[in-house]
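Below are the chains, spelled out letter by letter.
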Amino acid sequence: MTAPGEGAWAQAQVTLLFVPGDRPERFARAAVSGAGGVLVDLEDAVAPDAKAPARDAAVAWLADHDGYLRINAVDTPWHDEDMAALAAARRLRGVVLPKSATAGQVGAVVEALPAGVPLLALVESAVGIREASAIAEVPGVARLLFGSIDFALDAGITPSGPDEPELLWARSALVVASRAAGLPAPLDGVYTRLDDEAGLAASSRRSCRLGFGGRLCVHPRQVEPVHRAWRPTESEREWARRVLAAAESSQGAAVRVDGQMIDRPRLELARALLAR
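Residues numbered from 1 in each chain as written. Predicted model: local features only at pLDDT ≥ 70, side-chain atom pairs only at ≥ 80, totals over all residues. Heavy atoms only, no water.

Asker: I would appreciate a short explanation of the overall build of the chain in the present structure.
Answerer: A count of helices and strands for the chain gives 13 helices and 10 strands. Taken against the 2.2 N^0.38 rule, which gives 19 Å for 276 residues, the C-alpha radius of gyration of the chain at 20 Å falls within 12% of a compact globule. Its C-alpha atoms put the chain at 65 × 40 × 40 Å along the principal axes. When each of the 276 residues of the chain is scored for burial, the buried share is 50%. (Helix = DSSP H or I, 4+ residues; strand = E, 2+ residues; numbered from the N terminus. Rg over C-alpha atoms; globule rule 2.2 N^0.38 Å. Buried < 20%, exposed > 50% of the residue type's maximum accessible area, 1.4 Å probe, protein only.)

Take a look at the structure:
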């Protein structure tokens, strides 16, 4: 279940924009990118000898600015110091735990977080996908995130193209686990082709259709294409309005709109489209 208070803030984001913790000059630019949240990274984006200064810079910025922090994984030499530093990050809105693999591991980290700070579990291994349902049920977990690149490496999968059909089962496992646990829809992994806006848009629309609620971004210019992918198209909005109008006039009975029978599930879809 979601942690009280701050958890609602953590659930609302369609995009989280990574910014390396050792590049503090980029923090402000990330904050005005339009992303739902800034995710300062202490893990993969930061070299070992830069971990300590990156941590200091991240915590100093998060003392005065809303944002998220990806700490280092539990089995690394930097994890404990990352956890100890969180109390000084007064406007921390969530902690991203990489390599989230089991409910026990995730639960131990949740218990050590400052009060009210939700955890976003980044699932990026075969074990993590297998245990996704249990992870999603851990009290204090606000959302699941998909580490698609690390998962593919761990599972020995080589995606054949931008649509990554080989990862469909893993993605669906996170969507189902999130829904079953009452969590918001998970965030999909990063799209690494930085100059391929068309590919990013197509990939994001696929993620939306699969049931994801947004995705992680690695560059400010990815933010708006991702947001557009999660907004209904004008034709979808028009369809939803016709459905709601027809349902209102039918007083709850099934109706026909555009050659389709509209019953309660289709009516709820129309409402969800307009709400999105």
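Asker: Sorry, what's going on with the side chain of Ser207 here?
Answerer: The residue Ser207 is located in helix 10 (residues 197-210) in this model. Classification of Ser207 as buried rests on a relative accessible area of 0%.

Asker: Can you help me understand helix 11 (residues 223-230) in this one?
Answerer: Along an α-helix, residues three or four positions apart point the same way, because every turn accommodates 3.6 residues. Burial of helix 11 is extensive: six of the eight residues sit out of reach of the surface. Val223, Pro225, Val226, His227, Ala229 and Trp230 are the residues of helix 11 that are buried. Buried residues along helix 11 sit against strand 1 (15-20), helix 10 and strand 8 (214-217). (Contact = heavy atoms within 4.5 Å.)

Asker: Mind showing me how you'd approach the packing of helix 12 (residues 234-250) against helix 13 (residues 264-275) here?
Answerer: Pairs of packed helices are described in terms of their axes, by the angle between the two and the distance that separates them. Packing of helix 12 against helix 13 leaves a shortest axis separation of 9 Å and a crossing angle of 130 degrees. Relative to helix 13, the element helix 12 lies oblique. For helix 12 against helix 13, the interelement crossing comes out left-handed. Residue-level contacts link Glu236, Arg237, Trp239, Ala240, Arg241, Val243, Leu244 and Ala247 of helix 12 to Arg266, Leu267, Leu269, Ala270, Arg271, Leu273 and Leu274 of helix 13. Of the residues belonging to the contact of helix 12 with helix 13, the class tally is 10 nonpolar, no polar and five charged. (Axes fitted to C-alpha atoms, helices over the stretch in contact; angles between N-to-C directions. Parallel < 35°, antiparallel > 145°, perpendicular 65-115°, else oblique. Left-handed = near helix turned anticlockwise from the far one by under 90°. Nonpolar A, V, L, I, M, F, W, Y, C, P; charged D, E, K, R; others polar.)

Asker: Explanation requested: the layout of surface pockets in the structure shown.
Answerer: Picture a little ball the size of a water molecule; that probe, rolled over the atoms, points out where space is still empty. One number sums up the size of the largest pocket: a volume of about 430 Å³. Forming the boundary of the largest pocket are 24 residues, of which Phe18, Asp41, Arg70, Val190 and Val218 lie nearest the centre. Looking at the lining of the largest pocket, the elements that each hand over two or more residues are strand 1, helix 2 (27-31) and helix 8 (148-155). No other element matches the four residues that strand 1 contributes to the lining of the largest pocket. For the lining of the largest pocket, a count of residues per class yields 13 nonpolar, four polar and seven charged. (1 Å grid on protein atoms, 1.4 Å probe; cavity = no way out; pocket = protein on both sides within 12 Å on 5 of 7 lines; lining within 4 Å. Points joined across faces, edges and corners; volume = space filled by probe spheres on them.)

Asker: Just checking my understanding: could you explain the nonpolar core for this structure?
Answerer: For soluble globular proteins, the rule of thumb is that nonpolar side chains tend to be buried together. With 59 residues, the main nonpolar core has Leu69, Leu119 and Leu144 as its most contacted residues. Sequence-distant contacts of Leu69, that is, excluding residues within four places in its chain, are made with Leu39, Val40, Leu42, Ala58, Leu62, Leu86, Leu92, Gly94, Val95 and Val96. (Core = buried A, V, L, I, M, F, W, Y, C linked by side-chain atoms within 4.5 Å.)

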